[in-house]
Amino acid sequence: MARAGTKGSANPEAYDERRRWQALAVGLVATFMTLLDVSIVNVAIPSLERALHANPSELQWVLSGYALTFGLALVPAGRFGDIRGRRDVFVFGIALFTLTSALAGLAQSPGWLVAARLLQGAAAGVVNPQVTGLIQQLFQGPARAKPFGIFGATIGISTAVGPLLGGLLIAAGGPEHGWRWVFFVNVPVGIVAVILGWRLLPGRVTSRTAQRRLDPVGVLLLGVGVTLVLLPLVQHAQWHGWAKWLLIPAGLISLVGFWRWERRYARQGPPLFDVRLFDHQSYTLGSLIALFYFGGFTAIFFIFTLYLQTGLGYSALVAGLAITPFALGSAVSATIGGRIVNRFGRPLVTVGLLAVVAGLGLVALAIEVAPHAPVPWVTAAPLLVAGLGSGLVIAPNQTLTLSQVPVPQAGSGAGMLQTGQRIGSAAGIAAVGSVFFSTVGSGGNDWTKAFERSLLLGAGIIALALLAALLDTARHHRQQGRAPS
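Note that the structure is predicted; figures quoted are calculated from it, not measured. (Residues numbered from 1 in each chain as written. Predicted model: local features only at pLDDT ≥ 70, side-chain atom pairs only at ≥ 80, totals over all residues. Heavy atoms only, no water.)

### Describing the overall build of the protein
In step 1: Looking only at helices and strands, the protein features 19 helices and zero strands.
In step 2: Computed over C-alpha atoms, the radius of gyration of the protein comes to 22 Å, within 12% of the 23 Å expected from 2.2 N^0.38 for 485 residues, which places it in the range of a compact globule.
In step 3: With the C-alpha coordinates of the protein rotated into their principal frame, the extents come out at 70 × 60 × 45 Å.
In step 4: Looking at the protein as a whole, 58% of its 485 residues are labelled buried.
In step 5: Restricting to contacts in the protein with at least 6 residues of sequence separation, those with at least 24 account for 82%.
In step 6: Of the side chains in the protein, 34 bear a positive and 17 a negative charge, and the two mean positions are spaced by 9 Å. (Helix = DSSP H or I, 4+ residues; strand = E, 2+ residues; numbered from the N terminus. Rg over C-alpha atoms; globule rule 2.2 N^0.38 Å. Buried < 20%, exposed > 50% of the residue type's maximum accessible area, 1.4 Å probe, protein only. Contact = heavy atoms within 4.5 Å. Lys, Arg positive; Asp, Glu negative; His and termini not counted. Charge placed at Lys NZ, Arg CZ, Asp CG, Glu CD.)

### Focus on helix α7 (residues 186-200)
In step 1: The end-to-end C-alpha distance of α7, which contains 15 residues, comes to 20 Å, matching closely the 21 Å that a straight helix rising 1.5 Å per residue would cover.
In step 2: Of the residues making up α7, those classed as buried are N186, G190, A193, G197 and L200. Angularly, the buried residues of α7 cover 110° about the axis, an arc narrow enough to put them on a single face.
In step 3: Contact partners of the buried residues in α7: α1 (17-39), α4 (86-105), α5 (110-138) and α6 (145-184). (Expected span 1.5 Å × (residues − 1). Arc of directions from axis to C-beta.)

### A few points about the packing of α1 against α7
In step 1: Between α1 and α7, whose axes approach to 10 Å, the crossing angle comes to 150°. Comparing the axis directions of α1 and α7 gives the class roughly antiparallel. In this structure, α1 crosses over α7, and the sense of that crossing is left-handed. Listed contacts from α7 to R19, Q22, A23, V26, V29, M33 and D37 of α1 are N186, V189, G190, A193, L196, G197, R199 and L200.
In step 2: In terms of residue class, the contact of α1 with α7 is built from eight nonpolar, four polar and three charged. (Axes fitted to C-alpha atoms, helices over the stretch in contact; angles between N-to-C directions. Parallel < 35°, antiparallel > 145°, perpendicular 65-115°, else oblique. Left-handed = near helix turned anticlockwise from the far one by under 90°. Nonpolar A, V, L, I, M, F, W, Y, C, P; charged D, E, K, R; others polar.)

### Structural notes on a nonpolar patch on the surface
In step 1: Together, L99, L103, L106 and W112 line one region of the surface with nonpolar side chains, adding up to about 360 Å² of accessible area.
In step 2: Of note, L106 is situated in the loop between α4 and α5.
In step 3: For L106, a relative accessible area of 44% translates into the label partly exposed. (Patch = residues over 30% accessible without salt bridge, like charges linked within 9 Å, V, L, I, M, F, W, Y side chains within 5 Å. Areas by Shrake-Rupley, 256 points an atom, 1.4 Å probe, with all protein chains shown as cover. Salt bridge = Lys/Arg side-chain N within 4 Å of Asp/Glu carboxyl O.)

### What about the pattern of salt bridges?
In step 1: Going through the model one piece at a time under the given rule, you end up with three salt bridges.
In step 2: As a salt-bridge pair, R117 and D37 come within 3.5 Å of each other at their nearest N and O atoms. Linking R117 in helix α5 with D37 in helix α1, this pair joins segments that are 80 residues apart in sequence.
In step 3: A salt bridge links D88 to R87; the shortest N-O distance between them is 3.5 Å. Judged on exposure class, the residue D88 and its partner R87 are both buried.

### Some points on the packing of helix α13 (residues 324-344) against helix α17 (residues 394-401)
In step 1: One can describe the packing of α13 onto α17 by two numbers: an axis separation of 8 Å at closest approach and a directional angle of 30°. As judged from the angle between their axes, α13 and α17 are roughly parallel. Pair α13 / α17 crosses with right-handed handedness. Here A334, G337 and V341 of α13 lie close against α17, whose contacting residues are A395, P396, T399 and L400.
In step 2: When its residues are assigned to classes, the contact of α13 with α17 shows five nonpolar, two polar and no charged.

Next up, the structure:
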């Protein structure tokens, strides 16, 4: 029998406080690394295009292919971790991510790089639900607020700091080969994460749990649905004509089929994803908040990087530095938000969303009233406000949304939540990017007007998340009013 805190124990109660936080630290490093690759590649696109002579369609797949396979892997990988044990799945995912990062850095052609990015995204999708499931497994009740707070800070910082780190690596590696270091930087970190993950994370689950089936029909229906919804979004600029949009209703039909199948499958055994989780309004509204927030949040960094580098001629390093105030604000407030979320609940998320929308509006206003001032300077304070708000959204919303998810379903529940985030990101980039590029191409090459219009659209998408948060807050107040005094 394993001693308390011994290597590979499957029993979370055998983990003392120190070992729990060590295991979580490994998971957070992996989360940071995999989510960093969502945004770090943005600043590398110009040098990558020159080095590999990639066309626009290939560049689009380098960026969006990662998000596509990331989203496809989340729920099946989360469920597989619930069934087979999160340590083994985590270690496999990190090993694959490390290998594919090295292959991406060694790429000699656009096709090679696209293939590596597709596999890299799938590996990231394998890793991430294991980390949220690990928090559910190792921490109970209100004690989850602090680790989820740090987890949320990790999400916000990794996404926001990606352009800065990418700019630093490109500056250090040079314009010809600097983009390769954007991928190579994952290799040493990944090797360490594999070793420590195997030593510190809870080991294999009991044989009774391991005998549960994975539900292959559910995997197929969900995979087809997510693919059909995401493909026209990630390829909207390359696939001309209206016919591509027919894939979205086809994907929705497949997802409805997935929903009905999972309800039926639940009668005979644990399904891939228990759709009854959506009977909890906290999970449903929290998922909507995540969907809309990431739809606006991720798109803004995409267009801001393009505006600064392509439109205004700033270097990759300066473009990354310009986003740093958002990252700093998000880091500070996410840590605080994770600690106080149990006291304030969903109203804390509402305040955060208000701050994000206000901060983005101030960014547009600052550029308008000071058109000749350096953009990184005039946008620093508004981005700090938006970042402070963002930290009060991601971590607290994650905590509240997963609060009623049973531990045996923690991986698949978190995987579905993150799948919504990936779909939101792809849809947001497609919508906001379309406004951005159509404004630039409509005449005059007015990059500032394009940025302002697309920025306001991104803020409007985030305002939909604010509406969902207000609905949840109102529901909570009604329930309190009906409760006996």
